[in-house]
Amino acid sequence: MNSGRRHLKKITIPTKNGVSASQVSLPDGPWKTYEDFLSERFPVFTKEEWSERMAEGEVLDSTGKPVLPCNSYRGNQKLYYYRYLPNEWKNPFQETVLYQDEWLVVADKPHFLPVTPSGKYVRETLLVRLKQKLGIDSLTPVHRIDRETAGLVLFSTKPEGRNLYQRLFRENLVSKHYEAIAPYRDDLSFPLRYKSRLVQGDSFMRMQTVSGKPNAETEIRLLQQLGEWGHYRLKPVTGRKHQLRVQMCSLGIPILNDRIYPDHFPEAVTQEMQTEEYRHPLQLVAKSISFIDPVTGETRFFESRHSLDPKSVPVKTD
C-alpha cells in the first residue's frame, strides 16, 4: 500500500582536508542573504569572508550543492559548512599510526593534540590529521583520551563496525594501562586499589571527589622510586572523565605537570604561552590496550611508543 510518503535519498557530505561538514538549521527571519545570517550566527567571520567561503564551495545546501553568494536567503532548511579557524596554531608534535586494517586504526597520539575538533581546535586534531593522512572519511574514534595525555587511541574505519568497538569500552571489555610520573609518598602502600565517587566540578573542565557510592576505580602500582618522584602504573577499572588525574591528586600525588589538578592554570592565549606549556607536558601516557576483536575474534594487544623517565622530566615550578 502506498503510504503517500516520499523516501528521500540520504545525502552524504564529503570531508574537506579531513574536516567533516558541520550543520546549521536556518529559521525564518529577516535576512536577505545567507551571508547576512551566517555572519550574525557565526561572527568569527565577516559577511565578506562568508561570501568568499561560499565562492570557494565551502557552504553547501541540504542537497549537497554549493550555496552561491548571489543566492537569496531561504529558511526552514539546513546548510552545511566546513569549520575553519583562521588563526589556529600549528601543533609541532606528530602522531604515529601503529596498526591499520579494513576495520581498525590504532594511533599513538602525542601530548597536546586533541582527539576531535572542539573549540579552538579543528585541523590540529588527531581525527582530522588521520583523515587527511589515510584518506578515510568515515574514520571515527571509538574512545577518547585528554588533549594533554599521550598514547593510544583506537578508530573505527567503517560505520557498521563503530558500535562493535565502542561497545568494548562501554561494557569494560578492554584492558588498559597507563603510566605516570607523580610524587612519591612513603606512607602509601602499593599496589593499591583506589575507589572514589567523581562528579562534575565547579567548571566544565574539572571533576571533583564527593562522598557516596564509588563510581570510579583504579589499580595503582609503583614501578620505580627515584628520590621525590615515583613512576606509576595505573590500570583504570572504570572510565570516568579525568579519573586518573583526580584520583592521583586525591591521594596527594598529583601527576607531574597537571595544569588542572590540584590547581587550574589559565589556558594559553598567546603562542608564547603555548610554547612554554609545550616544555612541560603532562606526565601521563595511555601505554597499552588489549581486547578481543569483535570483528575477527582475535586477541589484540597494542603498546604506545611514548615512555616516561623521572630522571629526564622537566619540572614546572609555578
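One can find the structure itself at the top, above this paragraph.
The structure displayed is predicted, hence computed values, not measured ones.

What counts and how
- Residues numbered from 1 in each chain as written.
- Predicted model: local features only at pLDDT ≥ 70, side-chain atom pairs only at ≥ 80, totals over all residues.
- Heavy atoms only, no water.
- Buried < 20%, exposed > 50% of the residue type's maximum accessible area, 1.4 Å probe, protein only.
- Helix = DSSP H or I, 4+ residues; strand = E, 2+ residues; numbered from the N terminus.
- Pairing = 2+ DSSP bridges.
- Core = buried A, V, L, I, M, F, W, Y, C linked by side-chain atoms within 4.5 Å.
- Contact = heavy atoms within 4.5 Å.
- Salt bridge = Lys/Arg side-chain N within 4 Å of Asp/Glu carboxyl O.
- Phe/Tyr/Trp six-rings, centres within 6.5 Å; stacked < 30°, edge-to-face > 60°.
- Lys NZ or Arg CZ within 6 Å of the ring centre and 35° of its normal.
- Polar contact = N/O pair within 3.5 Å; in protein donor to acceptor, adjacent residues only side chain to side chain.
- Axes fitted to C-alpha atoms, helices over the stretch in contact; angles between N-to-C directions.
- Parallel < 35°, antiparallel > 145°, perpendicular 65-115°, else oblique.
- Left-handed = near helix turned anticlockwise from the far one by under 90°.
- Nonpolar A, V, L, I, M, F, W, Y, C, P; charged D, E, K, R; others polar.

Q: Run through the pairing of strand 3 (residues 77–82), naming residues and quoting values.
A: For strand 3, a buried count of five out of six residues is recorded, marking the element as mostly surrounded by other parts of the structure. In terms of strand pairing, strand 2 (residues 59–60) meets strand 3 through two bridges, oriented antiparallel. Paired with Leu60 across the strands is Tyr80, a residue of strand 3.

Q: Got a sec to walk through the nonpolar core? Specific residues and values, please.
A: By size, the foremost hydrophobic cluster in this structure holds 30 residues, and its most contacted members are Phe155, Ile220, Tyr232, Leu234, Met248, Ile253 and Leu284. Taken together, the elements giving at least two residues each to this core come down to strand 5 (104–109), helix 3 (126–134), strand 7 (150–156), strand 8 (175–183), strand 9 (192–200), strand 12 (229–236), helix 5 (243–250) and strand 13 (284–292). Ile220 has contacts with Phe190, Pro191, Leu192, Tyr194, Tyr232, Arg233, Leu234, Met248 and Leu251, leaving out every residue within four places of it along the chain. The next biggest cluster of nonpolar side chains, apart from the first, holds 15 residues, and it includes Trp50, Val59, Leu79 and Tyr81.

Q: Requested: an account of the pattern of salt bridges, with residues and values cited.
A: Counted by the stated rule, this structure contains 22 salt bridges. A salt bridge links Asp36 to Lys47; the nearest nitrogen and oxygen atoms lie 2.9 Å apart. Placement of the pair is Asp36 in helix 1 (residues 34–41) and Lys47 in helix 2 (residues 47–55), with a sequence separation of eleven residues. Owing to a relative accessible area of 37%, Lys47 belongs among the partly exposed residues under this scheme. For Asp258, the salt bridge is made with Arg245, and the minimal N-O distance between the two is 2.7 Å. Residue Asp258 is found in the loop between helix 5 and helix 6 (271–278), and its partner Arg245 is found in helix 5; the two are separated by 13 residues along the sequence. Across the pair, Arg245 and Asp258 agree in class, each one buried. Taken together, the shared-partner salt bridges in this structure form one network comprising Lys90, Glu95, Glu124, Arg129 and Lys133.

Q: Kindly report on the environment of Glu171, identifying the contributing residues and their values.
A: For Glu171, the location among the structural elements is in the loop between helix 4 (159–170) and strand 8. Here Glu171 falls in the partly exposed class, since its relative accessible area comes to 40%.

Q: Account for the packing of aromatic side chains, with residues named and values stated.
A: A complete count under the given rule lists 14 aromatic pairs for this structure. Centre to centre, the rings of Phe291 and Phe302 are 6.4 Å apart; their planes meet at 40°, and the pair counts as tilted. Taken together, the positions of Phe291 in strand 13 and Phe302 in strand 14 (residues 299–303) put the pair eleven residues apart, joining distant regions of the chain. For Phe291, a relative accessible area of 4% corresponds to the buried category. Ring pairing ties together the aromatic residues Trp31, Tyr34, Phe37 and Tyr73, which thus form one cluster. The side chain of Arg53 reaches across the aromatic face of Phe45, ending 4.8 Å from its centre. In this structure, Lys158 is placed above the aromatic ring of Trp103, and the distance from its NZ or CZ to the ring centre is 4.3 Å.

Q: Hey, could you go over unusual backbone geometry for me, with residue numbers and the actual values?
A: Look at the link from Phe190 to Pro191: it is a cis peptide, with omega at 0°. Mapping Pro191 onto the fold places it in the loop between strand 8 and strand 9. That bond from Tyr261 to Pro262 is cis: its omega, 0°, falls within 30 degrees of zero. When you line up the elements, Pro262 lands in the loop between helix 5 and helix 6. Residue Asn257 is not a glycine yet carries a positive backbone phi of 70°. Residue position: Asn257 is located in the loop between helix 5 and helix 6. By relative accessible area, Asn257 is classed as buried at 9%.

Q: Let's hear about the side chain of Gln283: which residues, and what values?
A: With respect to the element layout, Gln283 can be found in the loop between helix 6 and strand 13. Separated by 2.9 Å, the side chain of Gln283 and the backbone oxygen of Pro281 make a polar contact.

Q: Go over helix 5 with me, naming the residues and quoting the values.
A: Owing to its 3.6 residues per turn, the α-helix aligns residues three or four sequence positions apart on the same side. Counting buried positions along helix 5 gives six out of eight residues, so the element sits mostly inside the fold. Within helix 5, the full set of buried residues consists of Gln243, Leu244, Arg245, Val246, Gln247 and Met248. On its buried face, helix 5 sits against strand 8, strand 9, strand 10 (207–210), strand 11 (216–226), strand 12 and strand 13. Count one or two residues on from helix 5 and you reach Gly252, which has phi positive near 85°.

Q: An account of the packing of helix 1 against helix 2 is needed here, citing residue identities and associated values.
A: The contact between helix 1 and helix 2 brings their axes to 8 Å, and the two run at 120°. The angle between helix 1 and helix 2 falls in the class oblique. Remark: the crossing between helix 1 and helix 2 carries right-handed chirality. Note on element contacts: helix 2 touches helix 1 through Lys47, Trp50, Ser51 and Met54, opposite Tyr34, Glu35, Asp36, Leu38 and Ser39. For the contact of helix 1 with helix 2, the per-class residue count stands at four nonpolar, two polar and three charged.

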